[in-house]
Amino acid sequence: MMLEISNLTKSFGPRAALAGVNLMVGDGEFVILVGPNGAGKTTLLRIVAMLARPTSGTVRIAGLDPLKAGSTVRRQIGYLSHRTLLYDDLSAQQNLLFYARMYGLVDSDARIAELLERVDLADRRDDLVRGYSRGMQQRLAVARAMLHRPRVLLLDEPYTGLDPLAADGLTELLSGLSEEGCTLLLTTHHIGTLAAVNRRAVILSRGQVIYDDVVADVAGFQALYRDLVLRRVSDGGATMRTPPRRSLPVAAAGPPRPSGAERPLGYLRQVVAVVAKDLAAELRTREILSAMFVFAFLAMLIFSFALDLRGAIARAAAPGVLWTTIAFAGTLGLSRSMAREHETGGMDGLLLSPADRTVILFGKALGNMIIMLTLEAVLVPLSSILFNVSLFSPGVLAVLLAGTLGYALVGTLLAAIAVNTRTREVMLPILLLPLVVPLLIAAVQATGGLLEGLQWADLGGWTNLLVVYDLLISSAALLTFEYVAEA
Amino acid sequence: MIGRESVMLQRKNRVGIVLAVFSVVAFLGALWMVFDYAPREATMGDVQRIFYFHVASAWVGFFGFFVTFVTSIVYLVREERRWDIIAASSAEIGLAFITMTLLTGMLWARPVWGVYWTWEPRLTISAVQWLLYVAYVMLRGSVASPEREARFAAVYGILAFVTVPLSWFAIRWWRTIHPQVVSGEGMAITPRMVQTLLSSIGVFTLVYVTLLRQRIRLAHAQDALAALQLAQES
């Protein structure tokens, strides 16, 4: 069996999204999963794709336990979700190249060219995804899901938003994949759209499989579906039975596909890929940096009015104004960086890859740190001019580096939390600022001490506090990011 | 799970009632010790007596956050709802006690220091800590999925606790005008004062345990109610 699901349950508080699902899918099978809204289809696919954990029960893919062989299993899975998991501000080529790096593909250029040809986007490869139609985006999303040659392709409502012509194109594409031996598990409300005759269909209702058989004719199946689901609603599911399944002959799953087209995942290479992706998007739009620059300058202007910063007072207040400005502007940047990931479902795309979870934290944090340091490269000379102080010393630069590192790491972690809250527009500063106050106090005092002519060794507790804070908070962020990233 | 909770909730809350009665009696005893048994401090006068509430509530606040920290770690490892309930309950109670610490500290500071508030490091860290757990409570209220809420809150509960040792050691790292009651040379107060302080700490801890038990019970009742409502809707 390629996919073995046994007694799978998933509860959200008192609500059971899955209530004991059992499903076996053979190598190369094409299974259509149907069910009313809230039946648990998406939850089931997300658990199989390792984007969510089950409450109980087991999933085995190609005979492997995802809990023990997560990275290997992720290489076997391709997932197409409601969202495209594509970055709007990157081109088709850049999007696929990023995912190819995350999967460690060796033949990435050839594979990308082949897939773009196959989904009929070769001539639009350098266009930004935001300029694509819905159908084009969906075709590119299929290419993304197929990029690493997965043995199992999970497709969640792939026909949503497609016009009839685009839907036919997708059906043709999926049929081709099935003929090539790829195992497909697809959820849909539109079984009529698919070439469903002689394909296996599974009906999921209230978190349980209530039907599992081969479709003889589409109209008959649709009538049966309505009857089964309506009857289950009316009798609360008490009398429903799963009919015996007339299976199509299926092959047993072989061992995981040899990774001839893949190389061992380089941790650093993947971190660099995440950073490069973020910086490429930022270079294209410049929306984060420009907002941070303008905000930082405005903050300094307002501080100068509010605190009457002139003469000696200005020099004394310079470190505080500098760090407060960095903190506030940094919060803006962190918020936008994670929102960009959230809007396209990009975090799911990162989590689907076989990369270690800390790659995502380090990659995102490093990208944010580079953006913050770019801001500081302007703020330091600006502060030197506005407040008549000299901030150009190795000590001050070391404090800036240490402070920014801690801020970017913990800020990235908390931005990943804040972006998933109902009050995402305001939650990041509320979560982040109280947590970085000890860091800011230490950074301001250390910078002030250095401006007064003290040596690094004379700063005593402030630099110790800065380093201890960085170490503690960074270790905690590394240990806990996995729980934040998981949807 | 729900069945077991329902049975538990149907039982009479005898332990809770005993704890509540005992807490009230013990609190009255502590009040007597604070206002009668403990001697009048020579320099500060009667205003010093607020110190017994200030230190005791600070201890319970720190302890409450420590419980949140530990149970948050356990929740992330075991993913069992009960640990999340304890973490949330303890944070809320800890926040109430730290609020009391800040208020009693300000009431004490006005006649002694001449100001309600001064930005010395330990006070600043206490304020930061208060804000951290306000943020913790706000975070819990703004996540739609209960599972995500528990995970996010557990992570934040762990990160927030990092500031507790910073607060504790801040008095030694930085120059401060905050009175240093406990030092390497022993306590700077009389034996009766020590006995009163320890009694206050004991009583406040008992109040914390009573409140925690009731809050956990309430959370289980909310879960059971939600399950019943869901079953009825189905």
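Residues numbered from 1 in each chain as written. Chains lettered and ligands numbered in written order. Predicted model: local features only at pLDDT ≥ 70, side-chain atom pairs only at ≥ 80, totals over all residues.

## Some remarks on the overall build of chain B
Part 1 of the argument: Along its length, chain B carries 8 helices and 0 strands.
Part 2 of the argument: Burial status across chain B gives 37% buried among its 234 residues.
Part 3 of the argument: Put simply, 79% of the contacts in chain B that link residues at least 6 apart link residues at least 24 apart. (Helix = DSSP H or I, 4+ residues; strand = E, 2+ residues; numbered from the N terminus. Buried ≥ 20, exposed ≤ 12 C-beta atoms within 10 Å, placed from the backbone. Contact = placed C-beta atoms within 7 Å.)

## With respect to the domain arrangement of chain A
All names here are of chain A.
Part 1 of the argument: Taken domain by domain, chain A comprises domain 1 (3-235) and domain 2 (267-485).
Part 2 of the argument: Measuring from the centre of the C-alpha atoms in domain 1 to the corresponding centre in domain 2 gives 38 Å.
Part 3 of the argument: Of the residues lining the interface, 21 residues belong to domain 1; the matching set on domain 2 comes to 18 residues.
Part 4 of the argument: At the level of secondary structure, the elements contributing two or more residues to the side of domain 1 that touches domain 2 comprise α2 (70-76) and α3 (92-103).
Part 5 of the argument: Residue contributions to the side of domain 1 that touches domain 2 peak at 6 residues, all from α3.
Part 6 of the argument: Each residue belonging to the side of domain 1 that touches domain 2 can be placed in one class, and the counts come to 11 nonpolar, 4 polar and 6 charged. (Domains from an automatic or database assignment. Nonpolar A, V, L, I, M, F, W, Y, C, P; charged D, E, K, R; others polar.)

## A few points about the sheet that holds strand β3 (residues 30-34) of chain A
Residues and elements named next belong to chain A.
Part 1 of the argument: Taking strand neighbours across the sheet as the criterion, the 6 strands line up as β5-β6-β7-β3-β8-β9 in an open arrangement whose pairing is mixed. Looking along the sheet, the strands with just one partner apiece sit at the ends: β5 (77-80) and β9 (208-214). Neighbour to neighbour, the strand axes of the sheet diverge by 15° on average, direction disregarded.
Part 2 of the argument: Bridging between strand β8 (residues 200-205) and β9 involves 6 bridges; their strand directions are antiparallel. (Pairing = 2+ DSSP bridges. Axes fitted to C-alpha atoms, helices over the stretch in contact; angles between N-to-C directions.)

## Brief notes about the interface of chain B and chain A
Part 1 of the argument: Contact residues are listed per partner, giving 34 residues for chain B and 25 residues for chain A.
Part 2 of the argument: At the level of elements, α5 (121-140), α6 (146-161), α7 (163-173) and α8 (191-233) of chain B are the ones that each hand at least two residues to the side of chain B that touches chain A.
Part 3 of the argument: Sort the elements by how many residues they give to the side of chain B that touches chain A and α6(B) lands first, with 11 residues.
Part 4 of the argument: In terms of residue class, the side of chain B that touches chain A is made up of 26 nonpolar, 4 polar and 4 charged.

## Quick look at the environment of B:G202
Part 1 of the argument: Position of B:G202 among the secondary structure elements: in helix α8.
Part 2 of the argument: Between the C-alpha atoms of B:G202 and B:V60, which are 142 residues apart in sequence, the distance is 9.4 Å.

## Comments concerning the packing of α3(A) against helix α4 (residues 108-118) of chain A
Residues and elements named next belong to chain A.
Part 1 of the argument: Remark: α3 packs on α4, axes separated minimally by 10 Å, with the N-to-C direction vectors making an angle of 130°. Classified by the angle their axes make, α3 and α4 are oblique. α3 and α4 meet at a crossing whose hand is right-handed. Here α3 contributes A92, Q93, L96, L97 and A100 to the contact with α4, which in turn contributes S108, R111, I112, L115 and L116.
Part 2 of the argument: Looking at the contact of α3 with α4, its residues break down into 7 nonpolar, 2 polar and 1 charged. (Parallel < 35°, antiparallel > 145°, perpendicular 65-115°, else oblique. Left-handed = near helix turned anticlockwise from the far one by under 90°.)

## Some details on unusual backbone geometry
Residues and elements named next belong to chain A.
Part 1 of the argument: Even without being a glycine, D120 presents a positive backbone phi close to 65°.
Part 2 of the argument: Within the secondary structure, D120 sits in the loop between α4 and α5 (134-146).
Part 3 of the argument: Look at R149: it is not a glycine, yet its phi comes out positive at around 55°.
Part 4 of the argument: Along the chain, R149 falls in the loop between α5 and β6 (152-156).

## Digging into the nonpolar core
Part 1 of the argument: Of all hydrophobic cores here, the largest spans 206 residues; its most connected members are A:L154, A:L184, A:V410, A:L431 and B:Y156.
Part 2 of the argument: With 15 residues, the top contributor of residues to this core is helix α14 (residues 424-451) of chain A.
Part 3 of the argument: Viewed by domain, this core spans two of them, domain 1 (3-235) and domain 2 (267-485) of chain A, each represented by three or more residues.
Part 4 of the argument: In this view, A:V410 contacts A:L432, A:L435, A:V436, A:I473 and A:A477; residues no more than four positions away in its chain are not counted. (Core = buried A, V, L, I, M, F, W, Y, C linked by C-beta atoms within 7 Å.)

## Re the packing of helix α13 (residues 394-418) of chain A against α14(A)
Axes are the key here: two packed helices are described by the angle between their axes and the distance separating the axes.
All names here are of chain A.
Part 1 of the argument: Where α13 contacts α14, the axes come no closer than 9 Å and their chain directions differ by 165°. Put simply, α13 runs roughly antiparallel to α14. Crossing geometry of α13 relative to α14 is assigned as right-handed. In this structure, α13 uses G395, V396, V399, G403, G406, Y407, V410, G411, L414, A415, I417 and A418 to contact α14, whose residues at the interface are R424, M427, L428, L431, L432, L435, V436, L439, A443, A446, T447 and L450.
Part 2 of the argument: The residue makeup of the contact of α13 with α14, split by class, is 18 nonpolar, 5 polar and 1 charged.

## Examining the confidence of the model for chain B
All names here are of chain B.
Part 1 of the argument: For chain B, per-residue confidence averages 85 on the pLDDT scale, and 83% of positions sit at 70 or higher.
Part 2 of the argument: Ranking the elements of chain B by mean pLDDT puts helix α1 (residues 2-10) last with 56 and helix α3 (residues 50-78) first with 94.
Part 3 of the argument: Both scores are available for the predicted complex, with the pTM at 0.85 and the ipTM at 0.86. (pLDDT = per-residue confidence, 0-100.)

## Side note on helix α4 (residues 81-113) of chain B
Part 1 of the argument: For α4(B), with 33 residues, the first-to-last C-alpha span of 46 Å sits near the 48 Å given by 1.5 Å per residue.
Part 2 of the argument: Positive phi shows up at B:G114, right after α4(B), with a value of about 90°. (Expected span 1.5 Å × (residues − 1).)

## Points about the sheet that holds strand β1 (residues 3-12) of chain A
Residue and element names in this part refer to chain A.
Part 1 of the argument: Strand order in the open sheet made by the 3 strands is β2-β1-β4, with antiparallel pairing throughout. Either end of the sheet is taken by a strand with one partner, and the two such strands are β2 (15-25) and β4 (56-61). With direction set aside, neighbouring strand axes in the sheet form an average angle of 20°.
Part 2 of the argument: Summarising the sheet, β1 and β2 pair through 8 bridges and their orientation is antiparallel.

## Quick notes on the environment of A:V359
Residue and element names in this part refer to chain A.
Part 1 of the argument: You can see V359 is positioned in helix α12 (residues 357-387).
Part 2 of the argument: Spatially, the C-alpha atom of V359 lies 9.8 Å from that of L478, the residues being 119 residues apart in sequence.
Part 3 of the argument: Excluding anything up to four places from it in sequence, V359 contacts Y267, Q270, V271 and V274.

## Regarding the pairing of β3(A)
Residues and elements named next belong to chain A.
Part 1 of the argument: For β3, the buried fraction is high: 5 of the 5 residues fall into the buried class.
Part 2 of the argument: Judged by which residues are buried, β3 turns out to be covered on both faces: F30, I32 and V34 on one side and V31 and L33 on the other are all buried.
Part 3 of the argument: With 4 bridges connecting them, β3 and strand β7 (residues 183-187) associate as parallel partners. Bridge assignment links L33 to a residue of β7, and that residue is T187.

## As for the environment of A:A299
Part 1 of the argument: For A:A299, the location among the structural elements is in helix α9 (residues 287-306).
Part 2 of the argument: Leaving out residues up to four positions away in the same chain, A:A299 has contacts with A:T325, A:F328 and A:A329.

## Some remarks on the confidence of the model for chain A
Residues and elements named next belong to chain A.
Part 1 of the argument: For chain A, per-residue confidence averages 86 on the pLDDT scale, and residues scoring 70 or more make up 92% of the total.
Part 2 of the argument: Per-element confidence in chain A is highest for α3, whose mean pLDDT is 95, and lowest for helix α7 (residues 218-235), whose mean pLDDT is 75.
Part 3 of the argument: When the criterion is pLDDT under 50, residues 237-253 qualifies, and its contacts beyond four places in sequence or with other chains add up to 30 contacts.

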